[in-house]
Structure formats: structure tokens, C-alpha cells
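Fold and geometry: a report
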Amino acid sequence: MISSASQRLCGRNKLTGLLFVETRTDEKRKLLCKWVEHFYENGRKVQVSVDSTTAAQNIDQLLWTFSQGSFIPHKIVSTATPQPFLEPVAIAVGQRKLQELDVLIADASVGLDIMEEFDLVVHFIVMDDPEKRQESRLLWQAAKERGFQLQHSPYPANLVFPAVASSLSRKS
């Protein structure tokens with residue numbers, strides 16, 4: 001049962017799912033592309049949050065090339081991009097929620113207030129970076145206190161999408 005306090009925190013009647021996915025620095029972006037593909041194939045609209053234009057361009061290129069058989073319509077979205085737009089996947093610099101997108105995949109740090117605006121968020125725990133691992137621990141604690149529905153996908157099992165993430169990834 002969802003408490004009314006949790007409902008107010010999320011601004012709706014549904015808790016945000018927050019999936020913590022373990023990875024290594026050198027595998028993070030390819031794994032990010034696999035998660036984007038997973039959600040796109042399940043009919044979800046995805047926002048990838050990055051911290052720079054360079055990161056946005058790198059992910060844009062990877063989404064075209066990471067898998068030979070894959071096609072994921074996407075675009076880099078700036079503050080000047082008119083909304084709504086047609087692509088089901090948007091790469092956005094900075095911390096903001098774009099209209100009509102329900103899944104957030106965080107390539108960069110994103111605050112809980114922004115995360116709460118999505119149905120589902122994927123956060124990567126970079127296991128070979130002690131500072132980023134500690135940031136992930138603190139995020140887990142803060143998200144738990146705020147009533148997020150938390151799930152953990154350990155390395156290397158993250159290459160098989162967890163059952164809860166799969167059920168959350170289907171549009172209701």
C-alpha cells in the first residue's frame with residue numbers, strides 16, 4: 001500500500017521505480033544503449049540525461065552503432081528544441097524532464113526531484129570508481145527515505161534484464 005506521504009512526494013498515485021545497475025566504466029555506455037533499446041522495444045519513451053554536449057554526441061553515435069541489427073530513433077534535445085517531438089528517445093544535457101517521456105536513463109547525476117517525475121529511472125553504479133560507488137550508496141539511501149521502489153541489478157547479471165525491470169518496462 002502506498003502512503004499518502006509517498007504519493008505527495010511523487011506527485012501522483014504511483015511510486016517511481018529506481019533500478020541500480022552495476023557496471024564498469026569501460027562498459028557503462030554500451031550497457032546504457034542496451035537499456036535504451038530494451039525500453040524502446042517495449043514501447044516506452046526514454047530520456048537519457050547527460051552532463052555535456054560531448055557526452056550527448058557520444059551517446060548519439062553509440063545508439064547508431066552499438067548493435068548492427070538495432071534501430072533506435074532518437075535525437076539530441078536542447079532547451080531550444082520545440083516540444084513535443086516525434087522521437088521516442090531523447091538525449092538531454094542537464095537536469096530537466098522533457099514532456100511525454102516516462103523512463104529516465106541517467107548517464108550523469110540526476111537529483112531525486114527530477115527522478116520523481118518519471119515512472120522508471122535507471123542509475124548506473126560504476127563499480128571500479130570508489131567515489132561514484134559511494135555516490136550511488138548515498139543515492140540509494142536518500143531514494144529509500146523518499147519512498148522510491150528500489151531494485152538492484154548486480155554485475156554481470158545486468159546483461160539479463162531483471163524481472164521487475166521487465167515488468168516495469170512495459171507500458172500499462
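Now for a look at the structure at hand. (Residues numbered from 1 in each chain as written. Predicted model: local features only at pLDDT ≥ 70, side-chain atom pairs only at ≥ 80, totals over all residues. Heavy atoms only, no water.)

**Observations regarding the overall build of the protein**
Formally: Put simply, DSSP marks the helices as runs of H or I at least four residues long and the strands as runs of E at least two long, and each gets a number from the N terminus on. Exposure is judged per residue with a 1.4 Å probe applied to protein chains only, and the accessible area is read against the type maximum: over 50% gives exposed, under 20% gives buried, and values in between give partly exposed. Two residues form a contact once any of their heavy atoms are found within 4.5 Å. Note on areas: Shrake-Rupley, 1.4 Å probe, and residue coverage restricted to the protein chains presented here.
Looking only at helices and strands, one finds 6 helices and 7 strands in the protein. A burial count over the protein gives 45% of its 172 residues as buried. Taking the intrachain contacts of the protein between residues at least 6 apart in sequence as the baseline, contacts between residues at least 24 apart amount to 65%. With the model as given, the accessible surface of the protein reaches about 9000 Å², and the carbon-plus-sulfur share is 52%.

**Overview of the packing of helix 2 (residues 28-41) against helix 3 (residues 53-65)**
The criterion, for reference: Only the stretch in contact is used when a helix axis is fitted, and all axes are lines through C-alpha atoms; the angle between N-to-C directions ranges over 0 to 180 degrees. Comment on the angle field: the value is read as roughly parallel under 35 degrees, roughly antiparallel over 145, roughly perpendicular from 65 to 115, and oblique elsewhere. Helix crossings fall into two classes, left-handed where the near helix is turned counterclockwise from the far one by less than a right angle and right-handed where it is turned clockwise. By the convention adopted, Pro, Cys, Tyr, Trp, Phe, Met, Ile, Leu, Val and Ala count as nonpolar, Lys, Arg, Asp and Glu as charged, and the other residues, Gly among them, as polar.
Where helix 2 contacts helix 3, the axes come no closer than 10 Å and their chain directions differ by 60°. Considering the angle they form, helix 2 stands oblique to helix 3. Relative to helix 3, helix 2 is oriented so that their crossing is right-handed. Along its contact with helix 2, which presents Arg29, Leu32, Cys33 and Val36, the element helix 3 presents Ala55, Asn58, Ile59, Leu62 and Leu63. Across the contact of helix 2 with helix 3, the residue classes break down as 7 nonpolar, 1 polar and 1 charged.

**Focus on the layout of surface pockets**
Which entries qualify depends on this criterion: Definitions used throughout: a 1 Å grid over protein atoms alone; a cavity as a set of points that fits a 1.4 Å probe which cannot get out; a pocket as an open set with protein on both sides within 12 Å along at least five of seven lines; a lining residue as one with an atom within 4 Å of a point. Grid points are joined across faces, edges and corners, and a volume is the space filled by probe spheres set on the points.
Taken as a whole, the largest pocket spans an internal volume of roughly 260 Å³. Lining the largest pocket are 15 residues, with Ala108, Ser109, His123, Lys132 and Glu135 sitting closest to its centre. Counting residues per element, the ones that place at least two in the lining of the largest pocket are strand 6 (120-126) and helix 5 (130-145). Of all the elements, helix 5 adds the most residues to the lining of the largest pocket, at 4 residues.

**Let's talk about the environment of Gln151**
If you trace the backbone, Gln151 turns up in strand 7 (residues 149-153). Gln151 sits in the buried class, given a relative accessible area of 16%. The spacing of Gln151 and Leu19 is 132 residues in sequence and 4.8 Å in space, taken between C-alpha atoms.

**Things to note about the packing of aromatic side chains**
Rules: Pairing of aromatic rings covers Phe, Tyr and Trp, the last through its six-membered ring, and needs centres within 6.5 Å; plane angles under 30 degrees mean stacked, over 60 mean edge-to-face, and all others mean tilted. We call a charge positioned above a ring when the Lys NZ or Arg CZ atom is no farther than 6 Å from the ring centre and deviates by at most 35 degrees from the ring normal.
Considering all chains together, one arrives at 3 aromatic pairs under this definition. For Lys97, the ring lying beneath its charged end belongs to Phe118, and the centroid distance is 4.9 Å.

**Looking at the sheet that holds strand 6**
As a reminder of what qualifies: A pair of strands is treated as paired once DSSP finds two or more bridges between them.
The 7 strands are arranged 3-4-2-5-6-1-7 in an open sheet whose pairing can be described as parallel. The open sheet terminates on both sides in strands that have one partner only, identified here as strand 3 (74-77) and strand 7. Going from strand to strand, the sheet's axes swing by 20° on average, the running direction of each strand aside. By the bridge criterion, 4 bridges tie strand 2 (residues 46-50) to strand 5 (residues 103-106) in an arrangement that is parallel. When the bridges of strand 5 are listed, Ser49 appears paired with Ala106. Helix 2 contacts strand 1 (17-23), strand 2, strand 4 (89-93), strand 5 and strand 6 of the sheet and is inclined by roughly 160° relative to strand 6. Contacts between helix 5 and the sheet are confined to strand 1, strand 6 and strand 7, with strand 6 contributing the most and set at about 145° to the helix.

**As for the pattern of salt bridges**
Condition: For salt bridges, the criterion is a side-chain nitrogen of Lys or Arg within 4 Å of an Asp or Glu carboxyl oxygen.
Enumeration over the complete set of coordinates arrives at 8 salt bridges. Among the ionic pairs, Arg29 bridges to Asp107, the shortest N-O distance being 2.8 Å. Here Arg29 is found in helix 2, whereas its partner Asp107 is found in the loop between strand 5 and helix 4 (112-115), with 78 residues between them in sequence. Overall, the relative accessible area of 26% leaves Arg29 in the partly exposed class. Taking relative accessible area as the criterion, Asp107 reaches 9% and is therefore assigned buried. The structure contains a network of salt bridges with shared partners spanning Arg24, Asp26 and Glu27.

Note that all results are geometric; they support no functional claim without further evidence.
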